[in-house]
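Chain by chain, the residues:
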Amino acid sequence: MSPKAAKCHIRLIEESDYPQLESIYADHDGISVPSGYFDQFRETIRSDEVIYFVAEADGRIIGGGGICEYFPGSQVSLTFGVVSKDELRRGYGTAILLARLAFIDPGSKGCEILLEATEWSSDFFSRLGFKWHDHSEDLAGNIFFHGTHMVLPGDRQIFQRILDLGEVTFASELTKGNRNAAIFG
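Residues numbered from 1 in each chain as written. Predicted model: local features only at pLDDT ≥ 70, side-chain atom pairs only at ≥ 80, totals over all residues. Heavy atoms only, no water.

**Quick word on the layout of surface pockets**
By volume, the largest pocket amounts to about 1,500 Å³. For the lining of the largest pocket, the elements supplying multiple residues, two or more each, are α1 (18-28), α2 (38-46), β3 (60-71), β4 (75-83), α3 (92-103), β5 (111-118) and α4 (122-127). Among the elements that make up the lining of the largest pocket, the one with the highest residue count is β4 (7 residues). Along the lines of polarity and charge, the residues of the lining of the largest pocket split into 23 nonpolar, 14 polar and 10 charged. (1 Å grid on protein atoms, 1.4 Å probe; cavity = no way out; pocket = protein on both sides within 12 Å on 5 of 7 lines; lining within 4 Å. Points joined across faces, edges and corners; volume = space filled by probe spheres on them. Helix = DSSP H or I, 4+ residues; strand = E, 2+ residues; numbered from the N terminus. Nonpolar A, V, L, I, M, F, W, Y, C, P; charged D, E, K, R; others polar.)

Okay, here's the thing in structure tokens:
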């Protein structure tokens, strides 16, 4: 089964996006994301150390997802991907994930993607090739799966093909003057 991306526009986060993204996260709190992590989410989307992507469709913010601890050609971590409850299972999560993976420079040998997924999102990531090597439980009993995936040279073309089929577009800040412009333009 080939993943499908939904038509949307991907750009970098702006300060004005914080309330809408926080609302999206809050709608999932305790239901499809563990309770107790809202403050960490708020800090993450505001952090200068996180590259956070936002997806818009029909002028509305649909969701977002970040990357952090990025060492091009070596390793990167994915952080806090969210999609509006009303837009789940339509391909927006796939678009956000593939945009993040396409942004990553695999170097000549590949880039290891590190991920901590909730028990609710682990199946989504498994379908897209992530492998789980461990799990943990927080004090509230929430289970987190720890996994990896490799982005190899040549994978960007696969990601781009799926994004193009979904009519996913990218903001100029992701295409102009960016060494990853070839993938986003």
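Moving on from the coordinates now.
**A look at the pattern of salt bridges**
Evaluated as defined, the whole model comprises 8 salt bridges. Between E22 and R42 there is a salt bridge; the shortest N-O distance is 3.2 Å. Of the two residues, E22 is situated in helix α1 and R42 in helix α2; the sequence distance between them amounts to 20 residues. On the basis of relative accessible area, E22 is assigned to the buried category, the value being 12%. Each member of the salt-bridge network shares a partner with another, and the members are R11, E14, D17 and E56. (Salt bridge = Lys/Arg side-chain N within 4 Å of Asp/Glu carboxyl O. Buried < 20%, exposed > 50% of the residue type's maximum accessible area, 1.4 Å probe, protein only.)

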